[in-house]
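# Architecture at a glance
Single-letter residue listing:
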Amino acid sequence: MSSKKLLVIGLLASIVIAGFLSFYASSHPDGLEKVSADQGLDVTAVDSANADSALADYGVAGVENERASAFLGGVIGVAITGLAGVGLYVWLREPKSAETK
Amino acid sequence: MHMPDGLINAPVSIGAGVLVAGAVAVSLKKTKGSLDSQTAPMAGLVAVFIFAAQMINFPVAAGTSGHLMGGALAAILVGPWVAVLVMTVVVGIQALVFADGGLSALGINILNMGIVTVIVGTLVFALTMKVLSKTKSSIVAASAIAAFISVPAAALAFVIEYYLGGNATYDPMTVLISVVGVHLLIGIGEAIITALTVGAILATRADLVDGARKFLPKQKLIIKDSVVS
């Protein structure tokens, strides 16, 4: 398989996971949240300064339909991470001159 | 595993931030221009995949869920230095864009989910491969073991940080046992997802798996693109 094909398949899988499957994820607190609540560690917890931002909690503010909101949140997240991934690519790729040697 | 703001005091949060900044600086330096045109895109893909996979909380016990951390997976796929960058990108975007994990807690969250998991995952993978035969199935098994151990290791890091700078009064022993205990369960999920992912890429493009490269016979050089000089 060419690396380009692997890249496309990986991206599509990520969109399916973040956009569609995430809707069915367990909504129970994760291990740390659960223990924090049970043991009283969370009494000092405060909301993050950006807790009211448009994309908080992987939804999109103003999109009423929960499924659509979760889909958009997931896909936007994949897109933003993908952009950062392009930045990583530029940083990590060896200079062209080195490759032709 | 994303800690909110307010749990741990400023000195410990800042200390973790300084540690993370140092680790990221060293990783950036170590990795600049280090990958070829085939492997460099893998870093971005791994970041995207881990971001997506972290959204899937799976049930682990009554009323409790867990999700992939991905540090061990990233370390095996793209090597530990690039993995630190990948995990910093993922956990950073989660906190800054999606308000998942606190802002003042960002250093601690990157440290636990993005650096402790990478270091422990890398070490456990290397040690496990020492005793196993150098085959693809061994690499998958070692990936699973590394991923499994990396999760309670990250949980232990949280317990230590909380011990140093926790803001609430609490019972350290109970917290230690319950945090590490539940993360042993979450580690099973981490192991399964990591083994499936590493296995899938090994089956198609083993040469793109950093952790596998030195254990598998070198593939014949295939030139697919025509070279126009």
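The structure this text deals with has already been given above.
These remarks concern the structure in this document. Each residue is numbered by its place in its chain's sequence as written, counting from 1. Throughout, the order in which chains and ligands are written sets their labels, letters from A for the former and numbers from 1 for the latter. In view of the model being predicted, local features appear only for residues whose pLDDT reaches at least 70, and side-chain atom pairs are presented and counted only at 80 or more, with totals across whole chains, interfaces and linings using the full set of residues.

## Thoughts on the packing of helix α3 (residues 66-92) of chain A against helix α2 (residues 40-54) of chain B
Heads up, the rule is: Angles here are taken between N-to-C directions and fall from 0 to 180 degrees, while the axes themselves are lines fitted to C-alpha atoms, restricted in helices to the stretch in contact. The helix and strand labels rest on DSSP assignments: H or I over at least four residues marks a helix, E over at least two residues marks a strand, and numbering proceeds from the N terminus. Geometric relationships in this document are graded by angle, where less than 35 degrees denotes roughly parallel, more than 145 denotes roughly antiparallel, 65 to 115 denotes roughly perpendicular, and other angles denote oblique. We call a crossing left-handed when the near helix sits turned anticlockwise from the far one by less than a right angle, and right-handed when that turn is clockwise. Once C-beta atoms are placed from the backbone, any two residues with those atoms within 7 Å are in contact. Nonpolar residues are Ala, Val, Leu, Ile, Met, Phe, Trp, Tyr, Cys and Pro. Charged residues are Asp, Glu, Lys and Arg, and all others, Gly as well, are polar.
At their nearest, the axes of α3(A) and α2(B) sit 8 Å apart, and the two run at 155° to each other. Between α3(A) and α2(B), the angle falls in the class roughly antiparallel. For α3(A) against α2(B), the interelement crossing comes out right-handed. Facing A:G77, A:V78, A:T81, A:G82, A:A84, A:G85, A:V86, A:L88, A:Y89 and A:L92 of α3(A), the residues of α2(B) in contact are B:A40, B:P41, B:A43, B:G44, B:L45, B:A47, B:V48, B:F51 and B:A52. Grouping the constituent residues of the contact of α3(A) with α2(B) by class yields 14 nonpolar, five polar and no charged.

## As for the environment of A:L21
Take A:L21: it is sitting in the loop between α1 (3-20) and α2 (31-38). Not counting residues within four places of it along the chain, the set of residues in contact with A:L21 comprises A:V16 and B:I56.

## Here we look at the packing of helix α5 (residues 106-131) of chain B against helix α6 (residues 136-165) of chain B
One can describe the packing of α5(B) onto α6(B) by two numbers: an axis separation of 7 Å at closest approach and a directional angle of 140°. Viewed along their axes, α5(B) and α6(B) form a crossing whose handedness is right-handed.

## Let's talk about the interface of chain B and chain A
Each partner contributes to the interface: chain B provides 62 residues, whereas chain A provides 54 residues. Of all elements in the fold, only α2, β1 (58-61), β2 (64-66), α4 (80-98), α6 and α7 (172-205) of chain B reach the threshold of two or more residues within the side of chain B that touches chain A. If one sorts the elements of the side of chain B that touches chain A by residue count, α2(B) sits on top with eleven residues. Here the side of chain B that touches chain A is built from residues that sort into 38 nonpolar, 20 polar and four charged.

## Topic: α2(A)
We count it as follows: Exposed residues have 12 or fewer other C-beta atoms within 10 Å of their own C-beta, buried residues have 20 or more, and partly exposed residues fall in between, where C-beta atoms are placed from the backbone.
Among the residues of α2(A), those classed as buried are A:G31, A:L32, A:K34, A:V35 and A:S36. Along its buried surface, α2(A) packs onto β1, β2, α6 and α7 of chain B. A:G40 sits one or two positions beyond α2(A) and adopts a positive phi of about 75°.

## A short note on the nonpolar core
Residue and element names in this part refer to chain B. The cut-off we apply is this: As used here, a nonpolar core is made of buried Ala, Val, Leu, Ile, Met, Phe, Trp, Tyr and Cys residues. They are joined through C-beta atoms within 7 Å.
The biggest cluster of nonpolar side chains holds 101 residues, and the ones touching the most others in it are V46, A47, I50, A74 and V86. The leading source of residues in this core is α6, at 16 residues. What A74 contacts, discounting residues up to four positions off in sequence, is V46, I50, A83, V86, M87 and V118.

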